[in-house]
Amino acid sequence: MRHLVLTMSCPDACGIISAVSGFLADHGGWIDEASYHSDPSTQWFFMRQAIRADSLDFPQDAFSDLFSPIADRFGIKWRIWDTGQKKRVVVLASREDHCVNELIHRASTGDGPFEIVSILSNHENLRSFVEWNRIPFHYLPVDSQSPQDHFSEIARLFLEYKGDVMVLARYMRILPESICTRFSGRILNIHHSFLPSFAGASPYRQAFLRGVKLIGATCHYVTAELDAGPIIEQDVIRIDHGDSPEEMARLGRDIEKLVLARGLRYHVEDRVLVHDNRTIVFH
Ligand SMILES: Nc1nc2c(c(=O)[nH]1)N[C@@H](CN(C=O)c1ccc(C(=O)N[C@@H](CCC(=O)O)C(=O)O)cc1)CN2
């Protein structure tokens, strides 16, 4: 069933739920899913409601005008998404294929309302697999003399494919601030450590040298500051003293692809709100 997903945040106050739900009820809105969070540390309120798209007595393009009196009253920042509109995903990759493979599988099985419209990589090795899956592949080598060309092409192709979200699937270049700012809140990364531990390059070697007993993966929004963006999803697995960095990387691949797939699904289902570099994820 098609829904209109309304996500919103505002300074916390009494009467928000009543006002928003009353507005929807007054217009015949049938709510199938509702989630709320009041954050005492920031005194902000967060809400997500899934409304049956055919239940409202007005067209979606009239929502803004009709909802604005309530939005203005409470200072609500809101967005609305029609679940009938699949999110267009552009994937960035380097050499590793396990996360790319997982996302292609998830898209093909309809695991979430998204489609992979293109895969871009600074290496050629994934081309045959990607094109066998009938997905456009673009090889974008990084010229050390002019690395900006690589990133400009990423931005151009993201816009050309009308991307909604950019997913770094073990993409191993640091995106410039210009891209992070331009597409803020729309770039997801899978970092192969349980952040904030072991940010940056070679996290499994860092973990080995530290002698940790758990390794993990973190899906987060990408910001100019490396591996410091709002965390969307994480998970861990146990390791022991006998595991080399290479064994950790082998074990870690399973958790990386799972965490990225979960994080992407939460994002494309509009279940993630960001506030003060932290996320509220309505599962
Ligand atoms: N602006 C951002 N870019 C990227 C982020 C981020 O949070 N902000 N996350 C990284 C992911 N990452 C690990 O998960 C990571 C990737 C690359 C490097 C790194 O040192 N890269 C070197 C070159 C490596 C190579 O290609 O040989 C570099 O870019 O100079 C560290 C961490 C993705 N990008």
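Residues numbered from 1 in each chain as written. Predicted model: local features only at pLDDT ≥ 70, side-chain atom pairs only at ≥ 80, totals over all residues. Heavy atoms only, no water.

- The name given to the protein chain in an unreviewed UniProt entry is Formyltetrahydrofolate deformylase, with the source organism recorded as Leptospirillum ferrooxidans.
- Recorded in UniProt under Function (unreviewed entry), the annotation for the protein chain is "Catalyzes the hydrolysis of 10-formyltetrahydrofolate (formyl-FH4) to formate and tetrahydrofolate (FH4)."
- Reading the Sequence similarities (unreviewed entry) entry of the UniProt record for the protein chain gives the comment "Belongs to the PurU family." (UniProt positions renumbered as here; feature names shortened; annotations may be inferred.)

### Re the site of the ligand
Stage number 1. If you check the shell around the ligand, you find 19 residues, and the closest are Arg173, Leu175, His191, Thr223 and Asp227.
Stage number 2. The contact in question runs from an oxygen atom of the ligand to an N or O atom on the backbone of Asp227, over 2.7 Å.
Stage number 3. Out of a free accessible area of 710 Å², the ligand has 78% covered by protein chains.
Stage number 4. Judged by its atoms lying within 2 Å of the grid points, the ligand is housed in the second largest pocket.
Stage number 5. Among the elements that line the shell around the ligand, the one with the most residues is strand E9 (residues 187–191), at three residues.
Stage number 6. Here the residues of the shell around the ligand sort into eleven nonpolar, six polar and two charged. (Near = heavy atom within 4 Å. Polar contact = N/O pair within 3.5 Å; in protein donor to acceptor, adjacent residues only side chain to side chain. Areas by Shrake-Rupley, 256 points an atom, 1.4 Å probe, with all protein chains shown as cover. 1 Å grid on protein atoms, 1.4 Å probe; cavity = no way out; pocket = protein on both sides within 12 Å on 5 of 7 lines; lining within 4 Å. Sits in = over half its atoms within 2 Å of the grid points. Helix = DSSP H or I, 4+ residues; strand = E, 2+ residues; numbered from the N terminus. Nonpolar A, V, L, I, M, F, W, Y, C, P; charged D, E, K, R; others polar.)

### Some details on the nonpolar core
Stage number 1. In this structure, Val91, Val100, Ile116, Ile119, Leu260 and Leu264 are the most contacted members of the largest nonpolar core, which totals 32 residues.
Stage number 2. For this core, the element with the highest residue contribution is helix H8 (residues 245–268), accounting for six residues.
Stage number 3. If near-sequence neighbours (up to four positions away) are discounted, Leu260 is found in contact with Cys99, Leu103, Val167, Ala169, Ile190 and Cys219. (Core = buried A, V, L, I, M, F, W, Y, C linked by side-chain atoms within 4.5 Å. Buried < 20%, exposed > 50% of the residue type's maximum accessible area, 1.4 Å probe, protein only. Contact = heavy atoms within 4.5 Å.)

### Looking at the domain arrangement of the protein chain
Stage number 1. Split into domains, the protein chain comes out as domain 1 (3–82) and domain 2 (87–281).
Stage number 2. A separation of 31 Å is found between the C-alpha centroids of domain 1 and domain 2.
Stage number 3. Contacts between the two partners involve 14 residues from domain 1, matched on the other side by twelve residues from domain 2.
Stage number 4. Of all residues in domain 1, the largest losses of buried area upon contact with domain 2 belong to Phe46, Arg79 and Trp81, amounting jointly to 47% of the total for that side.
Stage number 5. Across the contact surface, domain 1 and domain 2 share three salt bridges.
Stage number 6. Our count for the domain 1 to domain 2 interface comes out at seven residue pairs in polar contact (both at pLDDT 80 or more).
Stage number 7. The greatest single-element share of the side of domain 1 that touches domain 2, amounting to four residues, is contributed by strand E1 (residues 3–11).
Stage number 8. By residue class, the composition of the side of domain 1 that touches domain 2 is five nonpolar, five polar and four charged. (Domains from an automatic or database assignment. Buried area = accessible area lost by both parts, 1.4 Å probe. Salt bridge = Lys/Arg side-chain N within 4 Å of Asp/Glu carboxyl O.)

### Examining the sheet that holds E9
Stage number 1. Strand order in the open sheet made by the seven strands is E7-E6-E5-E8-E9-E10-E11, with mixed pairing throughout. The open sheet has two free edges, formed respectively by strand E7 (137–139) and strand E11 (231–238), since each of these has just one partner strand. On average, adjacent strands in this sheet sit at an angle of 20° to one another, irrespective of strand direction.
Stage number 2. Here strand E8 (residues 165–168) runs beside E9; their pairing, made up of three bridges, is parallel. Following the sheet pairing, Val167 is matched in E9 by Leu188.
Stage number 3. Against the sheet, helix H3 (residues 98–108) makes contact with strand E5 (87–93), strand E6 (114–121), E8 and E9, and its axis sits at roughly 155° relative to E6, the strand it touches most.
Stage number 4. Against the sheet, H8 engages E5, E6, E8, E9, strand E10 (214–221) and E11, with an angle of about 155° to E11. (Pairing = 2+ DSSP bridges. Axes fitted to C-alpha atoms, helices over the stretch in contact; angles between N-to-C directions.)

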